[in-house]
Structure formats: structure tokens, C-alpha cells
Amino acid sequence: MQNRTSITLTLEQRKLIIELMNYSYTIPSEYHDCVAKAIKKYATKSYSDEAINKMVQKSQSVANSGFLIREDTLSLFRGKFAEWLACIEYNSLKNSGSVIMTIVNPDETSKADLLHFIKIGDEFKAVAGPDIKSGGSTYVFNQWKKIVTSRHDIPMVDFDDVLTTEDGLKQLTKKQREEFEQLSVQYPLKKPIASAWTNQDELRLRMDYFKSILNLEGSFEYTPEVVPLLKEALANQTSEKLQELDWTEFNNKCKEIFKDADFESQDLAISNSASENNSYPKTNEISNDKNTKATRFNYKSVINKVKSPKIIKTALLVGGSTAGALIVAKNPTLRKKLINTAVSKLQELKAGENMSKVSAVAKNVPPEVSATPIPDSVDQIIRKSPILHTVSSYVKKNGKVVESYPRGKSK
């Protein structure tokens, strides 16, 4: 099961989230072109350029989904409400690296309920965010199965913990559970993503939102008699009546709400979706003091992420932190520089000098690394560049979308 970070809301945070939901949001003009391209790319139907342009220009709000409320069920509206909560989660807790912000997809029929904005050079690009699924176990499982087998570019958030907790998996039939296990092995990068929201918090926030729309105080109970009042109140929350902000302000407000909360989690992080070179940690997160532990990384995380124990051992040999080892693995330039330094150190050690450093390093090297021979030269670590080819797009375990990109060198 996934390691998940749950959001524990204070009353003040609940109040601020409801305020956030009572605005209408527009897409900043600098993102219009990339959003239009993303709508066309991830659409489930054919749109004219005029229809896409209208979507891009349209102001979005939670109230726009009021027509989905039914007397006998809130499931459709709840699904849209979950999209907004997921959008808040990404902007406040998950986004990092060159992911600028996340918005609710203006195309309501798209499988990508959210869109992530990233910056590549001087250009912006919108890439598919997750499909947010909530509801019963059979529905969620079937939707995940469709995404796994037919939409490889779109991840799925399991909002109700059906497929991301043991308790949730117990709701599946024996046949569904077996099929889930088989597909998880077959598509290891397409595992469902756990949500940080609990069902209790979602319910509280939804009821808070209804109370704010109806201007009610105290307790609130959803009944068939309330439905007409709610639908009328939501219908009146038009873009002309709601205060309008752009999505950049939404992003900033999300971060402000959770600025004092500690949600540090590598499982939550979503970093650059298009460029490997920008996915390594920022230099200000790394300690220059070799006796000080790196701020955000430990040996276990490095072993899990870095596939070359030689690189880790080399980094440790020259006094680098474990985060330094991770940088070395991700960034070719830093890797080459550190390895050159390591080779020089090795030559000293082989000459019988500074042997105390060997024992000092050995104490800190994990078992998985210590069994790996120290390289004698750079050539043992750095592979030759492959022939120029295109790497297909794929989705990482944490929901990060990596777009296709060229790799290697021309002959």
C-alpha cells in the first residue's frame, strides 16, 4: 500500500478553503495557447477551434456544477467537488520543480480532470493531470482499469481510498482483487494515486460550502427539500456575480492556506513533467558540510531512487551527502565533476594516503552499496550516450507525467 499523507484541517483552514471556492477563476492569457493544445490532445470528443477557444476564455467555479445536484443523490456534484479539492491539494502540497501550478480542466468531458502547467525554457506547456475518481468500489475499479489499458498518459487519483488502502481493496470481489493485482504488476507505473483528503474532511467542506451558499449558520442536513434552494442559489452564483480571480491567484491562495502545515512527503511530490535535467533537488537544499545530513533525503530514499550503487559510493567517498548522491545520479554535469574528484581521491587512497577516510565512509555506507566495488575510473560509471532516439511519454508512480523527449547523440 502507498505511504500517504493526510490533511488535518483546522477550522480556520476550512473557512479559507470555502472562501477560495466562492470565487470564479480565469486562465491567464499567457497560458491560453498551451491550454487550447492540451484540450485538443486529451479530449474524448472532437471540438472545433471556436469551441476550444470558448472553453479557454470561460470563467470556472464550483458553482458551475450546481446543475449536477439531484434530490436522491449528490454523487455527480461530489465528483466535481472532489476535483476542486484535488486541485487545491496539488497546488498546496504536491507541485514542485518546474510545475508552476494546476488548474481544473475547462473541458468537463476530458479524462484529465486537472491540467498541470510547466515551463520549458521560455515556453509554457499544459500536460494532463489525473482523472479524479470517487464512488463505489466497482465503479472506481472499472474506471482505473480503463485508464490503465487505454489512457497511458493520464494517471488516476483514488479519492475514496478504494484501491490505495487495504480496507478499500477488501471491498473488491475476489475476481476484481485478482485482476487488480495482475494489472498492477503489468502496469507498475499506473498504480492509482492516494488522495490526502479524508472522506470526513470532504463531507465537512461540502456541507460548509452549501451553508455558505445558503447563508446558513449552525448544523446543516442535506434533504430533498433543500435541493431546490441549493440549485437556485448555485444558479445565481454566475461569473458576473462572483468575484473573479485568475488561476495564478488560486495557486497562491492554496499555498497560503497550508503555509504553516508540515506535509513534507516524497510520495506526494510531483516535479518536472518534461525535462530530466530539472528534476534533481535544488542546491540550497543540500548541506555543504559533509558531517551534516541532507535536509530532505536519507539513505533509504537514495537506494530506492538511484539505480547505481557505484554512484552512491563515489559520492560518499568524497564526503558528499546522500542528497548529493541523488544530484549526481540525476544531473550529468554534476555527476561527471564529482566522479572526476572521486577518481583523484581513489588514486590518493590507493597510494596509502588518507586511509582514515575509508573507514569513515565505510561506517555510513548502506549494505546495498558497500558490497559494490569502488570504480577505478570514470569510464566504469559513465555510460556512452546512446544513439539519438525518442523516449515515449510515461507516467511515474506519484502521478508525474513525463512527456516524450529526444535522448542520445547523433552519429
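Structure: above.
Note that this is a predicted model, so its numbers are computed, not measured.

Examining the nonpolar core
The biggest cluster of nonpolar side chains holds 69 residues, and the ones touching the most others in it are F77, I88, Y209 and W247. Top element by residues in this core is helix α4 (residues 75-94). It accounts for ten residues. Beyond its immediate stretch of four places on either side in the chain, Y209 contacts I18, M21, N22, V62, A63, F77, F81 and L234. Listed in part, the twelve residues of the second largest apolar core include I147, V148, V162 and L172.

A closer look at the packing of helix α1 (residues 11-21) against α4
Close contact between α1 and α4 brings their axes to 12 Å; oriented N to C, the two are set at 115°. It follows that α1 is roughly perpendicular to α4 by the angle criterion. Considering only the axes of α1 and α4, their crossing is right-handed. Between α1 and α4, the residues in contact are I17, L20 and M21 and F81, W84, L85 and I88, respectively. Across the contact of α1 with α4, the residue classes tally to seven nonpolar, no polar and no charged.

Re the side chain of R78
Tracing the sequence through the fold places R78 in helix α4. A distance of 3.1 Å separates the side chain of R78 from the side chain of E202, its partner in a polar contact. In this structure, R78 is in contact with S134, G135, F159, D160, N199, E202 and R206, ignoring residues within four places of it in sequence.

A look at the packing of aromatic side chains
Here the structure, examined in full by the defined rule, presents 18 aromatic pairs. By the ring-pair criterion, three or more aromatic residues cluster together here, those being F77, F81, Y209, F210, F220 and Y222.

Details of empty space enclosed by the protein
The full count for this structure, using the stated rule, is two cavities of 30 Å³ or more. In this structure, the largest cavity encloses a volume near 130 Å³. For the largest cavity, the full set of lining residues is K58, Q60, S61, N64, S65, K80, E83, W84, V104, N105, P106 and E108. With three residues, α4 is the largest single contributor of residues to the lining of the largest cavity. Residue composition of the lining of the largest cavity, grouped by class: three nonpolar, five polar and four charged.

Some details on the pattern of salt bridges
The final tally for this structure, using the stated rule, is 15 salt bridges. Here D49 and K40 are joined by a salt bridge, their closest N and O atoms 3.2 Å apart. The partner of E181 in a salt bridge is R177, and the shortest N-O contact between them spans 2.9 Å. You can see E181 and its partner R177 sitting in helix α7 (residues 174-186), four residues apart, about one turn around the helix. The class for E181 is partly exposed, based on a relative accessible area of 36%. Connected through salt bridges with shared partners, the residues R78, D160, E202 and R206 form a single ionic network.

Some points on the pairing of strand β3 (residues 114-120)
For β3, a buried count of five out of seven residues is recorded, marking the element as mostly surrounded by other parts of the structure. In this structure, strand β2 (residues 99-104) lies alongside β3, joined through five bridges in antiparallel fashion. Bridging from a neighbouring strand, V99 pairs with I118 of β3. Here β3 runs beside strand β4 (residues 123-128); their pairing, made up of six bridges, is antiparallel. Directly across from I120, in β4, lies its bridge partner E123. Joining the antiparallel neighbours β3 and β4 is a turn of two residues, in which G121 adopts a positive phi near 65°.

As for the packing of α1 against helix α10 (residues 247-257)
Direction vectors running N to C along α1 and α10 enclose 175°, while the axes themselves pass 10 Å from each other. Classed by the angle they form, the pair α1 and α10 counts as roughly antiparallel. The residues of α10 that touch α1, namely those facing Q13, L16, I17 and L20, are F250, K253, C254 and I257. By residue class, the composition of the contact of α1 with α10 is six nonpolar, one polar and one charged.

Brief notes about the sheet that holds β4
Strand order in the open sheet formed by three strands is β2-β3-β4, and the pairing between neighbours is antiparallel. Of all the strands in the sheet, the pair left with one neighbour each is β2 and β4. Strand-to-strand, the axes of this sheet are offset by a mean angle of 25°, without reference to chain direction. Strands β2 and β3 of the sheet are contacted by α4, whose axis makes an angle of about 170° with β2.

Observations regarding the sheet that holds strand β7 (residues 193-194)
Strand order in the open sheet formed by three strands is β5-β6-β7, with parallel pairing between adjacent strands. Since the sheet does not close on itself, it has two edges, and those belong to β5 (131-133) and β7, each with one partner. Relative to strand β6 (residues 156-158), β5 is paired through three bridges, and the arrangement is parallel. Bridging across to β6, K133 finds its partner in D158. Across the face of the sheet, helix α5 (residues 137-150) comes into contact with β5 and β6 while running at roughly 160° to β6.

Overview of unusual backbone geometry
Of note, D161 is a non-glycine position whose phi angle comes to about 60°, a positive value. Residue position: D161 is located in the loop between β6 and α6 (166-169). For D161, a relative accessible area of 15% translates into the label buried. Of note, the phi angle at N215 is positive, near 55°, even though the residue is not glycine. Structurally, N215 can be placed in the loop between α8 (199-214) and α9 (227-235).

Rules behind the numbers
Residues numbered from 1 in each chain as written. Predicted model: local features only at pLDDT ≥ 70, side-chain atom pairs only at ≥ 80, totals over all residues. Heavy atoms only, no water. Core = buried A, V, L, I, M, F, W, Y, C linked by side-chain atoms within 4.5 Å. Buried < 20%, exposed > 50% of the residue type's maximum accessible area, 1.4 Å probe, protein only. Helix = DSSP H or I, 4+ residues; strand = E, 2+ residues; numbered from the N terminus. Contact = heavy atoms within 4.5 Å. Axes fitted to C-alpha atoms, helices over the stretch in contact; angles between N-to-C directions. Parallel < 35°, antiparallel > 145°, perpendicular 65-115°, else oblique. Left-handed = near helix turned anticlockwise from the far one by under 90°. Nonpolar A, V, L, I, M, F, W, Y, C, P; charged D, E, K, R; others polar. Polar contact = N/O pair within 3.5 Å; in protein donor to acceptor, adjacent residues only side chain to side chain. Phe/Tyr/Trp six-rings, centres within 6.5 Å; stacked < 30°, edge-to-face > 60°. 1 Å grid on protein atoms, 1.4 Å probe; cavity = no way out; pocket = protein on both sides within 12 Å on 5 of 7 lines; lining within 4 Å. Points joined across faces, edges and corners; volume = space filled by probe spheres on them. Salt bridge = Lys/Arg side-chain N within 4 Å of Asp/Glu carboxyl O. Pairing = 2+ DSSP bridges.

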